[in-house]
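# Structural overview
Single-letter residue listing:
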Amino acid sequence: MTEEKFIHTNLKNELTYNFLMDIIKQYHYEKKDMEMLETVADRLRECLAGEEGFYCMGRNRCEQILSLHREENYAIGIFTLGGRVDELQNRYSSTDCLREAYAVETICWELLRKGYDLFQRWAEAHLKQRLSSYHFFGTEEELSFEKMAKLLSGMKQKRVICNQAYCMEPKKSAVVLRQCLVGRETDISILGGCHRPSSN
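All residue numbers refer to position in the chain's written sequence, counted from 1. Only residues with pLDDT of 70 or above have their local features reported here, since the model is predicted, and side-chain atom pairs are shown and tallied only from 80 upward, although totals for entire chains, interfaces and linings are computed over all residues. Excluding hydrogens and water, the side-chain values take into account all heavy atoms of the structure.

### What about the overall build of the chain?
Segments assigned H or I by DSSP are reported as helices when at least four residues long, segments assigned E as strands when at least two residues long, and all are numbered from the N terminus. In terms of helices and strands, the chain carries six helices and eight strands. Each helix and strand of the chain, ordered N terminal to C terminal, gives the series β-α-α-β-α-β-α-α-β-α-β-β-β-β. Within the chain, the proportion of its 200 residues that are buried is 50%. Note on contacts: a residue pair is in contact if any heavy atoms of the two residues lie within 4.5 Å. For the chain, long-range pairs separated by at least 24 residues make up 73% of all intrachain contacts whose partners lie at least 6 apart in sequence. For every residue, the accessible area obtained with a 1.4 Å probe (protein chains only) is divided by the maximum for its type, and the residue is called buried under 20%, exposed over 50%, and partly exposed between those limits.

Below, the structure is given as structure tokens:
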């Protein structure tokens, strides 16, 4: 497996009418909001082109940067939708287009979730091992935000970094550690990133 190779996922192709209908239902929009969501989605497609994707880092490369003291094999995925998405959301916010800014947030959260699925299929195909659930960095001492920041700063890539407040830059990014348990049906994975939007 090539270390720190950026894998483009073409998530912009997921921005279909049915995808936006699911956004309406999940985040309690009204059907009249579809026109606004379609406009935001069109602009997001332009922002995502060539920007979004993930890195897959094997255990050996990870342990050159830090040790997580785990017996099982694992892989780390570093996801991003790219900095142009942040720029779009900031433009909406700065011009008081708050509905559009929130639409960027909700749409991008669901795109990242689809990205996790794409990473899982890609990693399982290359590692030949089963992967499953995830947890957030920061929930236990061994998986601290400091270690997530150290991991990112130790990589050669500069697409995704962690700032002094331990938030990802670009904002629509995440780090996932997926453990691989040979011959087991379930395992543990760890995800780090900034906050997801509320659906209430």
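That covers the picture; the talk isn't over yet.
### Looking at the pairing of strand S3 (residues 73-80)
In terms of burial, S3 is largely enclosed, as seven of its eight residues are buried. Only strands that DSSP links by at least two bridges are regarded as paired with each other. Two elements, strand S2 (residues 53-58) and S3, share six bridges in a ladder whose sense is antiparallel. Looking across to S3, one finds that Tyr55 is bridged to Ile78. Summarising the sheet, S3 and strand S7 (residues 173-180) pair through eight bridges and their orientation is antiparallel. Bridging from a neighbouring strand, Tyr74 pairs with Gln179 of S7.

### Describing the packing of helix H1 (residues 17-26) against helix H5 (residues 98-127)
All axes are obtained by fitting lines to C-alpha atoms, using only the stretch in contact for helices, and the reported angles, taken between N-to-C directions, cover 0 to 180 degrees. It is the contact of H1 with H5, at a shortest axis distance of 11 Å, that shows an interaxial angle of 115°. In the crossing of H1 with H5, the sense of the turn from one axis to the other is right-handed. In this structure, H1 uses Phe19, Leu20, Ile23 and Gln26 to contact H5, whose residues at the interface are Thr106, Ile107, Glu110, Leu111, Arg113 and Lys114. Just so you know the grouping, Ala, Val, Leu, Ile, Met, Phe, Trp, Tyr, Cys and Pro go in nonpolar, Asp, Glu, Lys and Arg go in charged, and all remaining residues, Gly too, go in polar. Each residue belonging to the contact of H1 with H5 can be placed in one class, and the counts come to five nonpolar, two polar and three charged. The sense of a crossing depends on the near helix, which, turned anticlockwise from the far helix by less than a right angle, makes the crossing left-handed and, turned clockwise, makes it right-handed.

### Here's the deal with the environment of Tyr116
Looking at the secondary structure, you find Tyr116 in helix H5. Residues Tyr116 and Val175 lie 59 residues apart in sequence; the distance between their C-alpha atoms is 10.0 Å.

### Considerations on the confidence of the model for the chain
When pLDDT is low, close inspection of the predicted coordinates is not appropriate. What pLDDT reports is the predictor's confidence in each residue, on a scale of 0 through 100. Taken over all residues, the pLDDT of the chain has a mean of 85, while the share at 70 or more is 86%. Confidence over residues 184-190 falls short of pLDDT 50; this stretch has 32 contacts with residues more than four positions distant or in other chains.

### Some points on the pattern of salt bridges
Pairs can form between side chains of opposite charge whenever their charged atoms are close. Here, a salt bridge means any Lys or Arg side-chain nitrogen found within 4 Å of an Asp or Glu carboxyl oxygen. With the rule as written, the count across this model stands at eight salt bridges. Connected via shared salt-bridge partners are Asp86, Glu105 and Lys172.

### Some thoughts on the packing of helix H4 (residues 83-94) against H5
How two helices pack is summed up by the angle between their axes together with the distance between the axes. For the pair H4 and H5, interaxial distance at closest approach is 7 Å and the crossing angle is 155°. With respect to H5, the element H4 is oriented roughly antiparallel. The handedness of the crossing between H4 and H5 is left-handed. Between H4, through Val85, Leu88, Gln89, Tyr92 and Ser93, and H5, the contact on the second element is made entirely by Leu98, Glu100, Ala101, Val104, Glu105 and Cys108. Looking at the contact of H4 with H5 residue by residue, the classes come out as seven nonpolar, two polar and two charged. To sort the angles, those under 35 degrees are grouped as roughly parallel, those over 145 as roughly antiparallel, those from 65 to 115 as roughly perpendicular, and the leftovers as oblique.

### Describing the pairing of S7
By the criterion of burial, S7 is predominantly enclosed, with eight of the eight residues buried. Side-chain alternation along S7 places Ser173, Val175, Leu177 and Gln179 on one buried face and Ala174, Val176, Arg178 and Cys180 on a second face that is also buried.

### A closer look at the packing of aromatic side chains
Only rings of Phe, Tyr and Trp enter the pairing, Trp through its six-membered ring, and a pair is recorded when the two centres are within 6.5 Å. The plane angle decides the type: under 30 degrees is stacked, over 60 is edge-to-face, the rest tilted. Counting across every chain of the model gives eight aromatic pairs. Where Tyr29 meets Tyr102, the ring centres are 6.4 Å apart and the plane angle is 45°; that geometry is what we call tilted. Remark: Tyr102 occurs in helix H5 and Tyr29 occurs in the loop between H1 and helix H2 (34-48); sequence separation between them is 73 residues. When its relative accessible area of 15% is taken as the criterion, Tyr29 is described as buried. A relative accessible area of 31% means that Tyr102 is categorised as partly exposed. Whether a charge lies above a ring is judged from NZ of Lys or CZ of Arg, which has to be within 6 Å of the ring centre and within 35 degrees of the ring normal. The side chain of Arg159 reaches across the aromatic face of Phe6, ending 3.8 Å from its centre.

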